[in-house]
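These are the residues of each chain, in order.
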Amino acid sequence: MMDEFHRHFTVHVWDDIADKDGFLASHGADIAAVATNGHDGVAPDIMAGLGNLKIISCYGVGYDAIDTSVATARGIMVTHTPIVLNNDVANTAIMLMLAVSRRLVHDHDWVCSGRWQEQGNAPLTRSIEGAKVGIFGLGRIGQTIARKLGAFACDIAYHTRTEKPDLPYRFYDDLTAMAKDVDYLIAITPGDASTYQKINREVIDALGPDGTLINVGRGSVVDEDALVAALEDGRLGGAGLDVFANEPHVPPALCKMDNVTLTPHVASATVETRRAMGDLTIENLLRFFNDGSVTTPVPECAHMKVAPLR
Ligand code: NDP
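Parameters at a glance
Residues numbered from 1 in each chain as written. Predicted model: local features only at pLDDT ≥ 70, side-chain atom pairs only at ≥ 80, totals over all residues. Heavy atoms only, no water. Helix = DSSP H or I, 4+ residues; strand = E, 2+ residues; numbered from the N terminus. Rg over C-alpha atoms; globule rule 2.2 N^0.38 Å. Buried < 20%, exposed > 50% of the residue type's maximum accessible area, 1.4 Å probe, protein only. Areas by Shrake-Rupley, 256 points an atom, 1.4 Å probe, with all protein chains shown as cover. Lys, Arg positive; Asp, Glu negative; His and termini not counted. Charge placed at Lys NZ, Arg CZ, Asp CG, Glu CD. Salt bridge = Lys/Arg side-chain N within 4 Å of Asp/Glu carboxyl O. Pairing = 2+ DSSP bridges. Contact = heavy atoms within 4.5 Å. Axes fitted to C-alpha atoms, helices over the stretch in contact; angles between N-to-C directions. Parallel < 35°, antiparallel > 145°, perpendicular 65-115°, else oblique. Left-handed = near helix turned anticlockwise from the far one by under 90°. Nonpolar A, V, L, I, M, F, W, Y, C, P; charged D, E, K, R; others polar. Phe/Tyr/Trp six-rings, centres within 6.5 Å; stacked < 30°, edge-to-face > 60°. Near = heavy atom within 4 Å. Polar contact = N/O pair within 3.5 Å; in protein donor to acceptor, adjacent residues only side chain to side chain.

### A short note on the overall build of the protein
When helices and strands are counted, the protein shows 12 helices and 10 strands. Whereas a compact globule of 310 residues would reach a radius of gyration of roughly 19 Å, the protein reaches 22 Å, a difference of no more than 12%. Dimensions of the protein, computed from C-alpha atoms along their principal axes, come out at roughly 70 × 45 × 30 Å. Among the 310 residues that make up the protein, the fraction classed as buried is 46%. Roughly 15800 Å² of accessible area belongs to the protein as shown, and the carbon and sulfur atoms make up 52% of that amount. A gap of 4 Å separates the mean positions of the 26 positive and 40 negative side-chain charges of the protein.

Here is the structure:
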């Protein structure tokens, strides 16, 4: 992706700029495009310093760190990279389900620590075959998870703001009610004000001591203190987490639990998917500068009219 950036554009790498204020003062007005990711976004002071910014191309489907209300008010196009990462993010959700239910990390350690020789067979684990799964967020990735869980004969329910009558899954208009009825709750919504800490103590307690939380959406969706407390008290059965409230900082208590598997926000991080995301990040910029169109605008910019720039 960086090679392509340098091939097509004059590139300034923000992290390499020593005098950032000086750069904004002298070059800010010349910058037409920003490429960033959903985690770093574009800080308000940087956005304000780029007076002629026309487009923000986000490498990632989540764009919670980009203030789209400011961007749209200024006529700045924002694009992201949906769809190309559906499979790997869904695979990560299912990998975490299997890792927690089958105690993968624990059993790996059982082999490598010598406990297999000293103590014999590892304890029995739980099967995900035919399990009841509730998916919080049934968009592009949520639907991919649901479809793939068909291979495990899982019984799928979902909670979203709007019912999806064309899909063959059971809708709950209440997240707590769904959590009460399922073995696994998978969070795969955007991280915005509407989803902030939606998975709170009440939802976690509804999931209960035989339930497992999987979060591949955003850390902000879960009340992390309530989650840690529930795991410590045995009020929740287990958790598989790829995202956290304050990345890269993770509550140390989670690292000591056999019923918890953690990954460092890597759900889309395969060579294949990251290449596809990079290609789409570039494609949006090239189309924009060619004829003013883009391939994958964020929903807030889907109807934005932009004039061709050259
Ligand atoms: P979509 O926009 O396709 O789907 C989002 C889903 O969330 C929709 O079903 C939407 O349904 C639902 N939703 C949104 N807000 C709420 C709410 N307040 N209450 C209930 N449901 C809600 O997004 P994607 O599936 O493409 O991606 C989802 C998210 O996954 C991304 O925004 C990103 O944060 C995260 N992600 C994480 C990755 C990782 O590395 N761990 C990688 C990729 C994505 P409705 O509108 O009907 O409510």
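Right, picking up where we left off after that structure.
### A word on the pattern of salt bridges
Here the structure, examined in full by the defined rule, presents seven salt bridges. Salt-bridge contacts for Asp109 lead to Arg115; the nearest nitrogen and oxygen are separated by 2.7 Å. Given a relative accessible area of 36%, Asp109 falls into the partly exposed group. Note on Arg115: relative accessible area 22%, which makes it partly exposed. Asp205 is the partner of Arg201 in a salt bridge, and the nearest nitrogen-oxygen pair spans 3.0 Å. Taken together, the residues span about one helical turn, with Arg201 and Asp205 both in helix α10 (residues 201–207) at a distance of four residues. Take Arg201: its relative accessible area is 47%, and that puts it in the partly exposed class.

### A word on the sheet that holds strand β5 (residues 155–159)
Read across the open sheet, the seven strands follow the order β6-β5-β4-β7-β8-β9-β10; overall the sheet is parallel. Each end of this open sheet is capped by a strand with a single partner; those strands are β6 (170–171) and β10 (260–262). Pairing analysis gives four bridges linking strand β8 (residues 212–215) to strand β9 (residues 238–241), with the strands arranged parallel. Looking across to β9, one finds that Asn215 is bridged to Leu241. Those strands touched by helix α11 (residues 224–233) are β8, β9 and β10, and its axis lies near 140° from that of β9.

### Considering the packing of helix α5 (residues 86–101) against helix α8 (residues 140–149)
Viewed as axis vectors pointing N to C, α5 and α8 meet at an angle of 55°, and their least axial separation amounts to 8 Å. The pairing of α5 with α8 is recorded here as oblique in orientation. Where α5 crosses over α8, the two elements pack in a sense that is right-handed. Facing Asn86, Asn87, Val89, Ala90, Asn91, Ala93, Ile94 and Met97 of α5, the residues of α8 in contact are Arg140, Ile141, Thr144, Ile145, Arg147, Lys148 and Leu149. Its residues assigned to classes, the contact of α5 with α8 shows eight nonpolar, four polar and three charged.

### Concerning the packing of aromatic side chains
A complete count under the given rule lists four aromatic pairs for this structure. Relative to Phe171, the ring of Tyr158 lies with its centre 5.3 Å away and its plane at 50°, an arrangement referred to as tilted. Here Tyr158, found in strand β5, pairs with Phe171, found in strand β6; they are 13 residues apart in sequence, far enough to count as distant. A ring pair is formed by Phe288 and Phe289, whose centres lie 5.5 Å apart and whose planes are at 85°; its orientation type is edge-to-face.

### Examining the sheet that holds strand β1 (residues 33–37)
Ordered in space as β1-β2-β3, the three strands form an open sheet in which the pairing is parallel. In this open sheet, the two edge strands, each paired with only one partner strand, are β1 and β3 (77–79). Neighbour-to-neighbour, the strand axes of this sheet turn through a mean angle of 15°, independent of strand direction. In this structure, β1 lies alongside strand β2 (residues 55–59), joined through five bridges in parallel fashion. For Thr36, the partnering residue across the bridge sits in β2 and is Cys58. Together, β1, β2 and β3 form the strand contacts of helix α12 (residues 271–291), whose direction differs from that of β2 by roughly 170°.

### Quick look at the site of the ligand
In the vicinity of the ligand there are 26 residues, among which Arg140, Arg161, Thr162, Lys164 and Ser194 approach most closely. Val216 is positioned such that a nitrogen or oxygen atom in its backbone is 2.9 Å from a nitrogen atom of the ligand. Arg218 places a side-chain nitrogen or oxygen 3.4 Å from an oxygen atom of the ligand. Isolated, the ligand exposes 920 Å² of accessible area, and the fraction of that covered by the protein chains is 89%. In the shell around the ligand, the residues fall into 11 nonpolar, 10 polar and five charged.

On their own, these measurements won't tell you what the molecule is for.
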